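Structure assessment
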Amino acid sequence: SAVISQKPSRDICQRGTSLTIQCQVDSQVTMMFWYRQQPGQSLTLIATANQGSEATYESGFVIDKFPISRPNLTFSTLTVSNMSPEDSSIYLCSVEVGAGANVLTFGAGSRLTVL
Amino acid sequence: DQQVKQNSPSLSVQEGRISILNCDYTNSMFDYFLWYKKYPAEGPTFLISISSIKDKNEDGRFTVFLNKSAKHLSLHIVPSQPGDSAVYFCAARRGGGADGLTFGKGTHLIIQP
């Protein structure tokens with residue numbers, strides 16, 4: 001299975017600022033998925049990032065708020081823009097293990113607290 | 001509208017007994033179901049899965065049962081061990097493999113010594 005490294009693991013941010021989360025995978029993968037877990041809630045898919053194309057956003061998430069980069073097959077970033085306390089969440093990067101394998105591997109997550 | 005529901009936020013089970021975690025779904029397009037386990041400060045780790053063409057899948061102490069007509073699945077852990085204490089997420093996926101997973105809110109399993 002793939003090994004995923006996320007940075008930062010946690011951060012405390014001021015309202016109105018932006019933060020970029022990095023996701024590095026130890027193997028080449030086609031699709032990378034970004035999830036959010038708000039306190040007491042389930043993991044919610046933000047967007048799917050394919051290399052060489054624009055990310056596909058789920059309902060309720062927009063590119064202006066959560067811009068995503070996917071410069072190559074092993075790396076992606078998610079930016080949380082103009083943060084408010086409601087953005088305090090764990091953000092997780094995940095990848096599919098083998099095409100069509102149906103199993104996603106997750107990074108450890110980035111816990112953001114917005115004051 | 002939650003498409004995957006785990007109605008028990010927490011469950012306490014004595015060590016050595018069977019733990020049964022339940023999950024219901026509403027979207028009939030889901031055809032692959034997974035259980036993930038999550039410890040604090042770690043990402044979810046894959047535990048076991050089942051395709052909609054099966055009604056049971058077993059892996060060691062873990063068994064997942066799927067009842068398609070009832071849109072219900074359950075995870076059985078037997079015997080339960082202290083290391084099983086974690087949050088368990090039920091997840092579902094539509095066919096095709098291009099989508100992410102839809103998760104339930106999780107059940108916090110506590111194994112009592």
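Report follows, based on the coordinates.

Residue and element names in this part refer to chain A. In this fold, glutamine 6 is placed in strand E1 (residues 4-7). Take glutamine 6: its relative accessible area is 11%, and that puts it in the buried class. A C-alpha to C-alpha distance of 10 Å links glutamine 6 and serine 94, two positions 88 residues apart in sequence. Once residues within four sequence positions are removed from consideration, glutamine 6 is found in contact with Ile21, Gln22, Trp34, Tyr91, Leu92, Cys93, Gly107, Ala108, Gly109 and Ser110. At 3.0 Å, the side chain of glutamine 6 and the backbone oxygen of tyrosine 91 are in polar contact. Separated by 3.2 Å, the side chain of glutamine 6 and the backbone nitrogen of glycine 109 make a polar contact.

Looking now at the nonpolar core. Proteins that are soluble and globular tend to have nonpolar side chains buried together. The biggest cluster of nonpolar side chains holds 26 residues, and the ones touching the most others in it are Val25, Trp34, Ile46, Phe66, Ile68, Leu78 and Tyr91 of chain A. Breaking this core down by element, the ones donating at least two residues are strand E3 (19-25), strand E4 (31-37), strand E5 (43-50), strand E8 (75-80), strand E9 (89-96) and strand E11 (110-114) of chain A. Per-element accounting of this core gives the leading share, 4 residues, to E3 of chain A. Ignoring any residue separated from it by four or fewer positions in sequence, one finds valine 25 of chain A in contact with Ala2, Val3, Ile4, Met32, Thr74 and Val95 of chain A. Phe30, Ile77, Ala86 and Ile111 of chain B belong to the second largest nonpolar core, which has 23 residues in total.

Take the pairing of strand E6 (residues 56-59) of chain B next. Residue and element names in this part refer to chain B. Relative to strand E7 (residues 62-67), E6 is paired through 4 bridges, and the arrangement is antiparallel. By the bridge assignment for E7, aspartate 59 is matched with phenylalanine 62. The hairpin turn running from E6 into E7, its antiparallel successor, is 2 residues long, and glycine 60 in that turn takes a positive phi close to 65 degrees.

Criteria and thresholds
Residues numbered from 1 in each chain as written. Chains lettered and ligands numbered in written order. Predicted model: local features only at pLDDT ≥ 70, side-chain atom pairs only at ≥ 80, totals over all residues. Heavy atoms only, no water. Helix = DSSP H or I, 4+ residues; strand = E, 2+ residues; numbered from the N terminus. Buried < 20%, exposed > 50% of the residue type's maximum accessible area, 1.4 Å probe, protein only. Contact = heavy atoms within 4.5 Å. Polar contact = N/O pair within 3.5 Å; in protein donor to acceptor, adjacent residues only side chain to side chain. Core = buried A, V, L, I, M, F, W, Y, C linked by side-chain atoms within 4.5 Å. Pairing = 2+ DSSP bridges.

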